[in-house]
Amino acid sequence: MTAMEFTSTRDSAKTAGFAAALLQGLAPDGGLYVPRAWPELGPESFGDAGDLPGIAARLLTPFVAGDPLAASLSAITSEVFTFPAPLAPLGTDGRLSVLELFHGPTAAFKDFGARFLAACLSRLRGPGQRPLTMLVATSGDTGGAVAAAFHGRPGIEVAVLFPKGLVSPTQERQLTCWGGNVQSFAVRGTFDDCQRLVKQAFLDPELREQTELSSANSINLGRLLPQAVYYAATSLAIWRQSGEKASFIIPSGNLGNSAACTWARKVGLPIGEIVLAHNANRTVPDYLDSGEWRPRPSVATLASAMDVGNPSNMERLRAMFPELHDLRTAVSAFAVEDKDIRTRIRAGFEQFGQVWCPHTATAAEAYERLSAARHWSPGRREGRWVLAATAHPAKFREIVEPLIGRPVAVPETLAKLFARPTACTEIEADLTALRAALGRRTSSWKS
Ligand SMILES: *Cc1c(COP(=O)(O)O)cnc(C)c1O
């Protein structure tokens, strides 16, 4: 098998192998790594592989070909994919289901990517090396997933940046309950400020001198690739059972999860449409409508993990579909206001007995709008549709419980985290403050 190379979205002459791309996070020119060529992996390439670790090993093998990590791939996939991504049918005709991506340690889909990245990077660090600092900007769920995945790993430090006061209380606990090699910073600003800071940190010679930096945001290739695995597994299961392609509706913010789905389709998995469900941060839906790319400051919504005004992975989508026309064919997008998120959470409970987090509810609402636009009725629906359920509703119980009028059961993994003490350091949204804080590495503990 020929070695796989990854190139920067900004300069196809800048290439890196898999391990190097993971360690760097962002390409040196500020671009994002994408595969130089796409392997072909139609359904038949998966043989009888049926579980996530097995499908992951087959899907990812060509991407790690020729890399130092290639020999460890199956050990990595068995270490990472230890919890299921079950498909729950909605209604009785089998045409609509929910893909539950929230059964990992921090109850959101980001556990898949964070655990994969941690499993890879920890194998790349030897004793006696400078510690690696993982910088992560989070609008809520990434930071918790990354902290959980890297906590206690020798040779790796984690710095989590979150917008002060803009994550849910439950999320904040998950971001600040770690200690040890994990530091959390409450940034006086928005998620976009956090993301900008991370990007600036990477380009800052002073910081790069101080420590070796990598990023655990979905700009990191090591987050993206494992997310393609559950789209592969789900589409294979539906294909094997019905011979039909699966179409996905994906709650989207930074577009990492949906970029991963487009990658799965690109290599040949039986995936039909890909629909992006955004909240009131409508940069992407507006772009598809108008053809003008106008990133803007993010606005706070109920689906806070998607409060992104300038989605980084758009760069990956545009690298794949440079012509607007092709991008419009590849994906469609909806923007869902908070009031419709609320309505959909109530309706999901009343119609299906399902409890959805606000993000998942945007996908359910997008499905309703598609149904209306295409004149589907419950007896006459087309295709197989899958709503990605990106977080467990218990992470957003402050929002969900009043809407459904009853308590949401908290999964055991989350309950354990809530019992830990928390600590964080507040900083201004500028690089000088971040440099100083990273240098100081002190924080005061409170319970
Ligand atoms: C991160 C997140 C999203 C958005 O995913 P992107 O990959 O940034 O598009 C959606 N829902 C939840 C619960 C999330 O944590």
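Cut-offs applied
Residues numbered from 1 in each chain as written. Predicted model: local features only at pLDDT ≥ 70, side-chain atom pairs only at ≥ 80, totals over all residues. Heavy atoms only, no water. 1 Å grid on protein atoms, 1.4 Å probe; cavity = no way out; pocket = protein on both sides within 12 Å on 5 of 7 lines; lining within 4 Å. Points joined across faces, edges and corners; volume = space filled by probe spheres on them. Helix = DSSP H or I, 4+ residues; strand = E, 2+ residues; numbered from the N terminus. Nonpolar A, V, L, I, M, F, W, Y, C, P; charged D, E, K, R; others polar. Phe/Tyr/Trp six-rings, centres within 6.5 Å; stacked < 30°, edge-to-face > 60°. Buried < 20%, exposed > 50% of the residue type's maximum accessible area, 1.4 Å probe, protein only. Near = heavy atom within 4 Å. Polar contact = N/O pair within 3.5 Å; in protein donor to acceptor, adjacent residues only side chain to side chain. Areas by Shrake-Rupley, 256 points an atom, 1.4 Å probe, with all protein chains shown as cover. Sits in = over half its atoms within 2 Å of the grid points. Contact = heavy atoms within 4.5 Å. Core = buried A, V, L, I, M, F, W, Y, C linked by side-chain atoms within 4.5 Å.

K.L.:
Break down empty space enclosed by the protein for me, with residues and values.
P.N.:
For the structure shown, the criterion picks out 2 cavities of 30 Å³ or more. Counted as a void, the largest cavity has a volume near 250 Å³. Forming the boundary of the largest cavity are 26 residues, of which Phe-109, Lys-110, Gly-253, Asn-254 and Ala-305 lie nearest the centre. Contributing elements (two or more residues each) for the lining of the largest cavity: helix H5 (141-150), helix H9 (221-242), strand S10 (246-251) and helix H10 (256-266). The element that contributes the greatest number of residues to the lining of the largest cavity is H10, accounting for 3 residues. For the lining of the largest cavity, the residue count by class is 10 nonpolar, 13 polar and 3 charged. Lining the second largest cavity are Leu-59, Leu-60, Phe-63, Leu-225, Ala-228, Trp-263, Ala-264 and Val-267. At the level of secondary structure, the elements contributing two or more residues to the lining of the second largest cavity comprise helix H2 (52-64), H9 and H10. For the lining of the second largest cavity, a count of residues per class yields 8 nonpolar, no polar and no charged.

K.L.:
Would you mind going over the packing of aromatic side chains in detail, with residue names and values included?
P.N.:
Enumeration according to the criterion identifies 13 aromatic pairs in this entry. Geometrically, the ring pair formed by Phe-6 and Phe-18 is tilted, given 6.2 Å between the ring centres and 50 degrees between the ring planes. Pair noted here: Phe-6 is in strand S1 (residues 6-8) and Phe-18 is in helix H1 (residues 18-24), with a separation of 12 residues, a long-range link. Taken individually, Phe-6 and Phe-18 each receive the classification buried, so the pair is uniform in this respect. A centroid spacing of 4.9 Å and a plane angle of 55 degrees characterise the contact between Phe-112 and Tyr-230, whose relative ring orientation is tilted. Of the two residues, Phe-112 sits in helix H4 (residues 110-124) while Tyr-230 sits in helix H9, which places them 118 residues apart along the sequence. Taken together, the aromatic side chains of Phe-81, Phe-83, Phe-112, Tyr-230, Tyr-231 and Phe-248 make up a single cluster linked through ring pairs.

K.L.:
Pulling in residues and values, what's your account of the site of the ligand?
P.N.:
Taken together, 15 residues are adjacent to the ligand, and Lys-110, Asp-141, Gly-253, Leu-255 and Thr-390 come closest. Contacts to the ligand include Gly-256, whose backbone N or O atom sits 3.0 Å from an oxygen atom. Taking 380 Å² as the accessible area of the ligand by itself, protein coverage stands at 97%. The site holding the ligand turns out to be the largest cavity. Per-class residue counts for the shell around the ligand are 6 nonpolar, 7 polar and 2 charged.

K.L.:
Explain helix H11 (residues 283-290) to me, using residue names and the numbers behind them.
P.N.:
Most of H11 is tucked away: 6 of the 8 residues are buried. The elements touched by buried residues of H11 are strand S11 (271-278), helix H12 (314-320), helix H13 (324-330) and strand S12 (332-335). Looking at the residues trailing H11, positive phi occurs at Gly-291, about 80 degrees.

K.L.:
Can you explain the nonpolar core? Please cite residues and give values.
P.N.:
Of all hydrophobic cores here, the largest spans 98 residues; its most connected members are Phe-18, Leu-59 and Phe-150. Broken down by element, the residue count for this core peaks at 11 residues, all from H9. The next biggest cluster of nonpolar side chains, apart from the first, holds 25 residues, and it includes Leu-32, Ala-159, Ala-201 and Leu-207.

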